[in-house]
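Fold and geometry: a report
Residue strings, one per chain:
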Amino acid sequence: KQTDPAYGADVLRLWVSSVDYSSDVLIGRNILKQMAEVYRKIRGTARFLLGSLYDFNPATDAVPYADLPEMDQYILHRSLEVFAEVEEAYSTYQFNRMFQAIQRFCVVDLSNFYLDVAKD
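Calculation rules
- Residues numbered from 1 in each chain as written.
- Predicted model: local features only at pLDDT ≥ 70, side-chain atom pairs only at ≥ 80, totals over all residues.
- Heavy atoms only, no water.
- Helix = DSSP H or I, 4+ residues; strand = E, 2+ residues; numbered from the N terminus.
- Buried < 20%, exposed > 50% of the residue type's maximum accessible area, 1.4 Å probe, protein only.
- Contact = heavy atoms within 4.5 Å.
- Bend = angle between axes of the 7 residues up to and from the residue.
- Salt bridge = Lys/Arg side-chain N within 4 Å of Asp/Glu carboxyl O.
- Axes fitted to C-alpha atoms, helices over the stretch in contact; angles between N-to-C directions.
- Parallel < 35°, antiparallel > 145°, perpendicular 65-115°, else oblique.
- Nonpolar A, V, L, I, M, F, W, Y, C, P; charged D, E, K, R; others polar.
- pLDDT = per-residue confidence, 0-100.
- Expected span 1.5 Å × (residues − 1).
- Patch = residues over 30% accessible without salt bridge, like charges linked within 9 Å, V, L, I, M, F, W, Y side chains within 5 Å.
- Areas by Shrake-Rupley, 256 points an atom, 1.4 Å probe, with all protein chains shown as cover.
- Phe/Tyr/Trp six-rings, centres within 6.5 Å; stacked < 30°, edge-to-face > 60°.

Here the focus is the overall build of the protein. Summing up its helical and strand segments, the protein has five helices and zero strands in all. The order of helices and strands in the protein, counted from the N terminus, is α-α-α-α-α. Taken along the three principal axes of its C-alpha coordinates, the protein extends 55 × 40 × 25 Å. Taking all 120 residues of the protein together, 27% fall into the buried category. Summarising the internal contacts of the protein: among those between residues at least 6 apart in sequence, 61% fall at separations of at least 24.

Here is the structure:
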């Protein structure tokens, strides 16, 4: 007998935040599988970022914004845009917009662009 993998409460919470509750809401094996992949991508990006900061001391390691490389300045600027978009979506109860902004930022801006280039 084949059983479905247990995705856990975090994947279910992510799915809830991703749906547009103003129309019909669908859920199924494929949708949960896709959400699990998104969850792993976001979690992996966050783990990589946090792992890079393990020995960072703001008192001694901080760099003024103007002295940062342009790519670092860009990603900081982009993060402020995403934070504003997330706050606006959250305050208007548009949780699916919040989810989309976070997912797009983690997958496209961070993982596929910034972290890929920064690693090299």
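At leucine 110, helix α5 (residues 95-119) shows its maximal bend, which comes to roughly 45°. Those residues of α5 not exposed but buried are Asn96, Met98, Phe99, Ala101, Phe105, Cys106, Asp109, Leu110, Ser111, Tyr114 and Leu115. Next to the buried residues of α5 lie α1 (9-18), α2 (29-52) and α4 (70-91).

Taken as a whole and judged by the stated rule, the model has five salt bridges. One network of salt bridges, in which partners are shared, links Arg78, Glu81 and Asp109.

Put simply, α1 and α2 touch, their axes get as near as 9 Å, and they point 100° apart. One way to sum up the angle between α1 and α2 is to call them roughly perpendicular. Along its contact with α1, which presents Asp10, Val11, Leu12, Leu14, Trp15 and Ser18, the element α2 presents Ile31, Leu32, Met35, Ala36, Val38 and Tyr39. For the contact of α1 with α2, a count of residues per class yields 10 nonpolar, one polar and one charged.

Low-pLDDT stretches of the model should not have their predicted coordinates read in fine detail. The predicted model of the protein has a mean per-residue pLDDT of 91, with 96% of residues at 70 or higher. At the low end of the mean pLDDT range in the protein sits α5, at 91; at the high end sits α4, at 96.

Before going further, it helps to examine α2. In this model, α2 (24 residues) spans 35 Å end to end at C-alpha, consistent with the 34 Å of a helix rising 1.5 Å per residue. Listed as buried for α2 are Leu32, Met35, Ala36, Val38, Ile42 and Thr45. For α2, the secondary structure elements touched by its buried residues are α1 and α5.

The next subject is a nonpolar patch on the surface. Taken together, Leu12, Val16 and Ile27 make up a surface patch of nonpolar side chains, about 260 Å² in accessible area. Mapped onto the elements of the fold, valine 16 is located in helix α1. A residue is classified by how much of its surface remains accessible, and valine 16, at 48% relative accessible area, is partly exposed.

Take the packing of aromatic side chains next. Each pair of aromatic rings is reported with the distance of its centres and the angle of its planes. In total, this model carries three aromatic pairs according to the counting rule given. Aromatic pair tyrosine 90 and phenylalanine 95: ring centres 5.7 Å apart, planes at 70°, arrangement edge-to-face. Residue tyrosine 90 is classed as exposed on the basis of its relative accessible area of 51%. Classification of phenylalanine 95 by relative accessible area gives partly exposed; the value is 25%. Residues tyrosine 93 and phenylalanine 95 carry aromatic rings whose centres are separated by 6.2 Å and whose planes lie at 75° to one another, so their mutual orientation is edge-to-face.

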